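Observations on the three-dimensional arrangement
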Amino acid sequence: MPETIATSGFQKTPLFMLRYFLFYKPFQVLSQFSPEENKKTLADYFQNLPKDVYPVGRLDYDSEGLLLLTNDKKLTQQLLEPRYKHQRTYYVQVEGIFDLAAQKKLEQGVEINIGGKMYTTLPAKITILDGDPLLPERNPPIRFRKNIPTSWVSLTLNEGKNRQVRKMTAAAGFPTLRLVRYAIGNYTVAGWHSGEVREISANTIAPLLQKNH
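Summary of the structure given here. (Residues numbered from 1 in each chain as written. Predicted model: local features only at pLDDT ≥ 70, side-chain atom pairs only at ≥ 80, totals over all residues. Heavy atoms only, no water.)

1. Description of the overall build of the chain
The secondary structure content of the chain amounts to four helices and 13 strands. Projected onto the principal axes, the alpha-carbon positions of the chain cover approximately 65 × 35 × 35 Å. At a minimum sequence separation of 6, the contacts of the chain that also span at least 24 residues come to 70%. Side-chain charges of the chain comprise 28 positive and 20 negative groups, with the mean position of each set lying 3 Å from the other. (Helix = DSSP H or I, 4+ residues; strand = E, 2+ residues; numbered from the N terminus. Contact = heavy atoms within 4.5 Å. Lys, Arg positive; Asp, Glu negative; His and termini not counted. Charge placed at Lys NZ, Arg CZ, Asp CG, Glu CD.)

2. Looking at the pairing of strand E7 (residues 111-114)
Along any regular strand, the residues point their side chains to alternate faces of the sheet. Inspection of the sheet shows E7 paired to strand E8 (residues 117-120) by four bridges, in the antiparallel sense. In the strand pairing of E8, Ile114 is matched with Lys117. The hairpin formed by E7 and E8 contains two residues between the paired strands, and Gly115 there has a positive phi angle of roughly 60°. (Pairing = 2+ DSSP bridges.)

3. Re the nonpolar core
Counting 22 residues, the largest nonpolar core has Leu22, Leu66, Leu68, Leu75, Leu135, Ile200 and Leu208 as its most contacted members. A total of four residues in this core trace back to one element, the largest contributor, which is strand E11 (residues 176-184). With near-sequence residues (within four places) excluded, Leu22 lies in contact with Leu66, Leu67, Leu68, Tyr187, Trp192, Glu196, Val197, Arg198, Ile200 and Leu208. Membership of the second largest hydrophobic core comes to 19 residues, among which are Ala102, Leu155, Met168 and Leu179. (Core = buried A, V, L, I, M, F, W, Y, C linked by side-chain atoms within 4.5 Å. Buried < 20%, exposed > 50% of the residue type's maximum accessible area, 1.4 Å probe, protein only.)

4. Considerations on the environment of Glu199
Of note, Glu199 is situated in strand E13 (residues 197-200). Glu199 sits in the partly exposed class, given a relative accessible area of 45%. A sequence separation of 103 residues divides Glu199 from Gly96, and the C-alpha atoms of the two residues are 38 Å apart. Every residue in contact with Glu199, bar those within four places of it in the chain, is listed here: Arg19, Tyr20 and Phe21. In terms of polar contacts, Glu199 uses its side chain to reach the side chain of Arg19, at 2.5 Å. (Polar contact = N/O pair within 3.5 Å; in protein donor to acceptor, adjacent residues only side chain to side chain.)

5. As for the pattern of salt bridges
Using the criterion set out here, one finds eight salt bridges in the structure. Among the salt bridges present, the one from Glu199 reaches Arg19, with a minimum N-O distance of 2.5 Å. With a gap of 180 residues between them, Glu199 in strand E13 and Arg19 in the loop between strand E2 (13-14) and strand E3 (20-25) connect regions that are remote in the sequence. By relative accessible area, which is 28% here, Arg19 ends up partly exposed. (Salt bridge = Lys/Arg side-chain N within 4 Å of Asp/Glu carboxyl O.)

6. Remarks on the packing of aromatic side chains
All told, the structure shown has six aromatic pairs when counted by the stated rule. Arranged with centres 5.2 Å apart and planes meeting at 75°, the rings of Phe23 and Phe46 form a pair that is edge-to-face. Remark: Phe46 occurs in the loop between E3 and strand E4 (54-55) and Phe23 occurs in strand E3; sequence separation between them is 23 residues. When the ring of Phe33 is compared with that of Phe46, the centres are 6.4 Å apart and the planes differ by 75°; the resulting orientation is edge-to-face. Of this pair, Phe33 sits in the loop between E3 and E4 while Phe46 sits in the loop between E3 and E4, placing them 13 residues apart in sequence. Take Phe33: its relative accessible area is 27%, and that puts it in the partly exposed class. (Phe/Tyr/Trp six-rings, centres within 6.5 Å; stacked < 30°, edge-to-face > 60°.)

Following this line, the structure appears as structure tokens:
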């Protein structure tokens, strides 16, 4: 019999059949394969995938960056269950000059609305970036307004509530203009282009679970 990975409550998948894909999701692409209102989906970038390969979590239609697709149920559980406090890092362009007061506020946690209830976010790692990060151009680009400055911030979170990053920056007084998931664990999109797909092997998934200190 082929070797399998045992996952509590899930059907076992033979090791040799486990697949892992990293994808730089472009702006205005749905994190799903099924069609919806003539919007682009994952099906525009992936063909002939095993039917049991799905995205782990999701990136909003108007967000960009790193997305993992796999049929590894155990890894999916580790990445999604809140008790594992798995790290995700986002590069966020905000309206206005992000300051130390806002940084401290987000680091300590802010109240945001999740499903009609107020929720206090967990402490986060916040870094004000010096200039624009090296990222693919967004298509279409954000609307340029000459008299309104913008700035870039890195947010590393250990949780993933619905539209959390956008709600957090808004709570600090800085609306999000562009949001890119830059890293999952220690895997980053440094040097990637928008829409790029890379398949990785089972023996190289460890960085997905590592913490970026």
